[in-house]
Amino acid sequence: MAKRQFYGQERNPLKMVIYILIVLVMTGCIGYLVCSSRQRRLEYTERVREAAAGETEYVAEKRQSETETETESETQTDTDSTEEKSGTEEDMVKRSSILVLNGTGKAGVAGYWKTQLEKAGYTNVSPVTYTGTVGEETMIYVSAKEQAEPLKQQFPNASVEIGEVEEGLEAAEGGQLPEQRDIFIVIGNKDARSE
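Residues numbered from 1 in each chain as written. Predicted model: local features only at pLDDT ≥ 70, side-chain atom pairs only at ≥ 80, totals over all residues. Heavy atoms only, no water.

Trainee: Sorry if this is basic, but what is going on with the overall build of the chain here?
Mentor: For the chain, the count of helices and strands is four helices and six strands. Its helices and strands taken in sequence order, the chain reads α-α-α-β-α-β-β-β-β-β from the N to the C terminus. For the chain, with 195 residues in total, the buried portion stands at 29%. Put simply, 77% of the contacts in the chain that link residues at least 6 apart link residues at least 24 apart. Total accessible area on the chain stands at roughly 13,700 Å², and carbon and sulfur atoms take up 51% of it. (Helix = DSSP H or I, 4+ residues; strand = E, 2+ residues; numbered from the N terminus. Buried < 20%, exposed > 50% of the residue type's maximum accessible area, 1.4 Å probe, protein only. Contact = heavy atoms within 4.5 Å. Areas by Shrake-Rupley, 256 points an atom, 1.4 Å probe, with all protein chains shown as cover.)

Trainee: Sorry, what's going on with the pairing of strand β1 (residues 98-102) here?
Mentor: Judged by how many residues are buried, β1 sits mostly within the fold: five of five residues are covered. Taking every second residue as pointing to the same face, both faces of β1 are buried, with Ile98, Val100 and Asn102 on one and Leu99 and Leu101 on the other. Across five bridges, β1 lies against strand β2 (residues 125-130) in parallel orientation. Each bridged residue has a counterpart across the sheet, and for leucine 101 the counterpart in β2 is valine 128. Traced from β1 through helix α4 (residues 109-119) to β2, the parallel crossover comes out right-handed. Here β1 runs beside strand β6 (residues 183-187); their pairing, made up of five bridges, is parallel. In the strand pairing of β6, asparagine 102 is matched with isoleucine 187. (Pairing = 2+ DSSP bridges. Right-handed = clockwise from strand over helix to strand, strands pointing away.)

Trainee: Quick question: what am I supposed to make of the nonpolar core here?
Mentor: Soluble globular proteins: nonpolar side chains tend toward being buried together. Counting residues in hydrophobic clusters, the biggest one holds 21 residues, and the most contacted among them are Ile140 and Ile185. Where this core is concerned, the elements lending two or more residues are β1, α4, β3 (139-142) and β6. For this core, the leading source of residues is α4, giving five residues. Discounting chain neighbours no more than four positions away, the residues touching isoleucine 140 are Ala148, Leu151, Phe155, Ala158, Ser159, Val160, Glu161, Ile183, Phe184 and Ile185. Listed in part, the 11 residues of the second largest apolar core include Val128, Tyr130, Val165 and Phe184. (Core = buried A, V, L, I, M, F, W, Y, C linked by side-chain atoms within 4.5 Å.)

Trainee: Looking at this structure, I do not really get α4. What am I missing?
Mentor: At 3.6 residues per turn, the α-helix brings residues three or four places apart onto the same side. Burial of α4 is extensive: eight of the 11 residues sit out of reach of the surface. Looking only at α4, the buried set comprises Val109, Ala110, Gly111, Tyr112, Trp113, Lys114, Thr115 and Leu117. In the stretch just after α4, glycine 121 is the one whose phi turns positive, near 105 degrees.

Trainee: Help me out: how do you make sense of the packing of aromatic side chains in this one?
Mentor: Aromatic ring pairs are described here by two measures, namely the spacing of the ring centres and the angle between the planes. Within this structure, the stated rule accounts for two aromatic pairs. Judged by centre distance (5.2 Å) and plane angle (80 degrees), the rings of tyrosine 112 and tryptophan 113 are edge-to-face. We note that tyrosine 112, like tryptophan 113, is buried. Taken together, the aromatic side chains of Tyr112, Trp113 and Phe155 make up a single cluster linked through ring pairs. (Phe/Tyr/Trp six-rings, centres within 6.5 Å; stacked < 30°, edge-to-face > 60°.)

Trainee: Mind showing me how you'd approach the environment of threonine 115 here?
Mentor: With respect to the element layout, threonine 115 can be found in helix α4. Its relative accessible area of 18% is what places threonine 115 among the buried residues. It is 9.9 Å that separates the C-alpha atoms of threonine 115 and serine 126, two residues lying 11 residues apart in sequence.

Pasting the structure below:
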């Protein structure tokens, strides 16, 4: 009688150990990739929150300065109020409600320009996120062309249009859009600076 040969049924313990090790290594690699992608996603989310918090700081400063302005205006005499109302066109623009719209995708741009405008004497500036399309040049929207002249010192290459921005405005986290909005400045990519 001839002996039957069984191909492939010979069990080698060393081969089994190698197969098990390969499966364990592959499982470990997959686990590492899943964990690292989650970690990167969490880091990205945290960076977005930090950037949004930077925009929120400027809103909190605005609220504090509004409270201080209200207190100061209550203590002024009627003579001071009359002198303040009879200011130049530039003074009127500096007291206007200005929304600085950041649609560049770069965090902190609206806050940067809010600070720059306040240094130049503008008293009622609010940074806002803009979800609309932004071009290379900054756009200034006013009700009369004369209102834009003082702002041309800060934005010399800006285009001026009569009108206002009604869609795509988002206040910073925890903030609200101001009810009075006289001037809208949509920051273009060429003026996208931040601190």
